[in-house]
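Take a look at the letters that make up each chain.
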Amino acid sequence: MSDSSPLPPVRLPAEAELARDALATPLLSRAAKLARWAGPQTRVGAGGELVDEQLPAAAAELGFTDADDDGDAAAYASEAWRVAVDIGLVEIVDEGSEDSEGSEEYGTVAVGDELAVLTSGSPADILGLWLGALDTVLADASVPDLDDLVDAMEEGGEIDFSQLDWDPEAEAEFLEGVLGNLYLLTVAEGGAGEAPVPLPALAASMIVPDDMGEPTDDILEQVSDAMMRLDDQFRLLDPVGLVEFQPVDEALMADIDADEPVAEPVDESDVSRYGMVRLTPLGLYGIRARMLEAGVDAPAVGDLADKGADVLLDATSGFPQAAAQAEIEQWLARRAPLDAARELLGAARGADEGAPLRRLRCQQALSLVGTEAEPALRDVLDDPQLGGLARVWLAEHGFTDVPAPSEDLVFWLTVDTIAAQLSLEGNSEELQALVEGLAAQHSGFFAAAWKVEHPATADVLEAMGRLHPDKKVAKEARKAAFKARSAAQ
């Protein structure tokens with residue numbers, strides 16, 4: 001997650017809603033229960049962990065009965081206690097210790113200062129505690145199975161990592177990378193959105209090279225191994241509210257444990273049996289917070305609401321259409337329509353390479369502004385860069401006394417629009433259709449277009465030559481582009 005290019009902006013609920021979600025997560029709820037249950041009689045070991053004798057009482061406090069699996073109940077209680085200690089819901093007063101003869105002396109605890117935050121803190125404070133809990137769980141998720149750790153334990157209590165074939169840093173980076181990919185799949189236009197992602201696809205995104213055709217058996221085996229690691233890890237991450245996870249079907253475990261690669265392709269009707277995962281809104285918030293802390297540019301819709309129109313138009317130029325629309329709506333909500341229109345039009349001027357796309361986003365923003373903005377649009381009717389879009393806006397809003405544009409203005413606006421579409425979409429099918437339509441409607445288009453005094457004229461004509469399917473028309477476009485470049489020299 002260290003790529004320098006900005007990610008698409010994420011749409012997040014309000015902090016108050018996210019804080020409510022955080023308080024309702026099973027893990028934070030359990031940690032709070034144990035923090036309120038703890039008292040002077042509670043005993044902890046040298047690492048602040050609950051002593052074994054107190055785990056049954058802690059599990060019972062969390063609602064686990066004698067009918068529950070003792071191992072699972074104790075594990076849930078131990079995990080919740082560890083989170084309570086890590087985020088300050090519980091304070092260790094005296095740490096446990098061992099004397100020279102190996103006898104353990106237990107430590108004591110008290111209510112932590114952060115416990116009150118859960119009931120009286122601000123949404124931001126509550127989310128801060130939840131992020132602390134997430135850090136603890138992510139650290140746990142990167143640790144091998146306890147049985148493997150015991151097997152790798154040397155005399156003296158040290159772990160022989162070479163026996164585990166486990167690199168703590170690499171494991172943590174792998175999980176961060178998986179979560180980063182899941183985040184991108186969620187926020188990207190045309191990605192998964194709110195739909196769950198199949199676990200094999202997520203594992204493959206980390207292992208299968210982009211330029212690989214048919215995956216080899218070795219690659220498929222690596223995907224299977226990664227999938228099973230992720231199955232264990234997402235089971236841990238579900239209770240903290242980061243993800244909603246459907247685990248791998250237990251009936252498939254035998255084949256996967258037998259080192260048989262996952263069949264490719266997986267039948268669509270069966271794909272859910274291999275596990276499905278999606279980031280919750282709280283999970284999107286958490287991963288974005290970690291990205292920002294790591295220096296990754298991870299914008300959220302609403303970040304630009306208090307910025308100037310110049311920043312808005314520049315930033316949304318690189319956004320997908322739906323994200324740009326959402327950002328612009330929030331920006332407009334804070335401003336009077338007439339003031340917003342004047343600021344947008346002022347920011348849309350320019351002859352630089354990014355100016356056409358800024359003007360396209362300006363048009364998009366102005367389409368959301370009501371008729372109160374009319375004076376701002378009339379003020380720029382004679383502006384060579386803005387007069388065309390002003391006429392379009394006035395006509396679309398039902399004003400009939402709009403002066404007709406000159407032929408020069410029509411051609412300038414056409415070049416500007418195509419330049420913006422090229423920046424936004426490249427050689428898309430929609431742009432090709434636009435090019436074909438223009439050439440068909442105006443028999444002398446290229447004879448006039450090369451004379452347009454626009455910085456992008458030659459580039460636009462060259463693109464039209466690439467895009468038009470008729471060889472004769474394409475040749476005309478290329479000739480016009482050559483003339484435009486010669487005239488500009």
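A. Molecular detail of the overall build of the protein. In terms of helices and strands, the protein carries 24 helices and eight strands. The proportion of buried residues among the 489 residues of the protein is 44%. Long-range contacts, defined here as pairs at least 24 residues apart, represent 67% of the contacts in the protein between residues at least 6 apart. Of the accessible surface of the protein, which amounts to about 24800 Å², a share of 49% is contributed by carbon and sulfur atoms.

B. Spotlight on the nonpolar core. Within the largest apolar cluster, 79 residues are counted, with the highest numbers of intra-cluster contacts made by W81, L89, W130, Y183, F234, L242 and V243. Leave out the neighbours within four places in its chain, and Y183 touches L7, V10, L279, L284, I287, R288, M291, A298 and P299.

C. Fine view of the sheet that holds strand 2 (residues 90-94). Taking strand neighbours across the sheet as the criterion, the three strands line up as 1-5-2 in an open arrangement whose pairing is antiparallel. Looking along the sheet, the strands with just one partner apiece sit at the ends: strand 1 (43-44) and strand 2. Relative to strand 5 (residues 107-111), strand 2 is paired through four bridges, and the arrangement is antiparallel. Note on strand 5: the bridge partner recorded for E91 is A110.

D. Broad picture of the packing of helix 15 (residues 321-333) against helix 17 (residues 355-366). It is at 10 Å that the axes of helix 15 and helix 17 come closest, and there the two elements cross at 60°. With respect to helix 17, the axis of helix 15 lies oblique. Considering the relative orientation of helix 15 and helix 17, their crossing is right-handed. Touching Q321, A324, Q325, I328 and L332 of helix 15 are R361, Q364 and A365, all from helix 17. Partitioned by chemical class, the residues of the contact of helix 15 with helix 17 number four nonpolar, three polar and one charged.

E. Representation of a positive patch on the surface in the model. On the surface, K451, K475, R478, K479 and K483 cluster together into a patch of positive charge. Summarising the element assignment, K475 is placed in helix 24 (residues 471-488). Overall, K475 belongs to the partly exposed group, its relative accessible area being 47%.

F. Here's a closer look at the sheet that holds strand 6 (residues 197-198). The antiparallel open sheet is built from three strands, whose spatial order is 6-8-7. Because the sheet does not close on itself, it has two edges, and the strands there are strand 6 and strand 7 (243-246). Bridging between strand 7 and strand 8 (residues 276-279) involves four bridges; their strand directions are antiparallel. Looking across to strand 8, one finds that F245 is bridged to V277. Of the strands in this sheet, strand 7 and strand 8 touch helix 11 (residues 217-237), which is tilted by about 130° from strand 7.

G. Structural view of helix 10 (residues 199-207). Listing the buried residues of helix 10 in full gives L199, P200, L202, A203 and I207. End-on view of helix 10: buried residues confined to an arc of 165°, all on one side of the axis. Residues of helix 10 that are buried make contact with helix 9 (168-187), strand 6, helix 11, strand 7 and strand 8.

H. Looking closely at the environment of A35. Tracing the chain through its elements places A35 in helix 2 (residues 26-37). Filtering out sequence-adjacent residues up to four positions away, A35 remains in contact with L89, V90, V111 and L115.

Calculation notes
- Residues numbered from 1 in each chain as written.
- Predicted model: local features only at pLDDT ≥ 70, side-chain atom pairs only at ≥ 80, totals over all residues.
- Heavy atoms only, no water.
- Helix = DSSP H or I, 4+ residues; strand = E, 2+ residues; numbered from the N terminus.
- Buried < 20%, exposed > 50% of the residue type's maximum accessible area, 1.4 Å probe, protein only.
- Contact = heavy atoms within 4.5 Å.
- Areas by Shrake-Rupley, 256 points an atom, 1.4 Å probe, with all protein chains shown as cover.
- Core = buried A, V, L, I, M, F, W, Y, C linked by side-chain atoms within 4.5 Å.
- Pairing = 2+ DSSP bridges.
- Axes fitted to C-alpha atoms, helices over the stretch in contact; angles between N-to-C directions.
- Parallel < 35°, antiparallel > 145°, perpendicular 65-115°, else oblique.
- Left-handed = near helix turned anticlockwise from the far one by under 90°.
- Nonpolar A, V, L, I, M, F, W, Y, C, P; charged D, E, K, R; others polar.
- Patch = residues over 30% accessible without salt bridge, like charges linked within 9 Å, V, L, I, M, F, W, Y side chains within 5 Å.
- Salt bridge = Lys/Arg side-chain N within 4 Å of Asp/Glu carboxyl O.
- Lys, Arg positive; Asp, Glu negative; His and termini not counted.
- Charge placed at Lys NZ, Arg CZ, Asp CG, Glu CD.
- Arc of directions from axis to C-beta.

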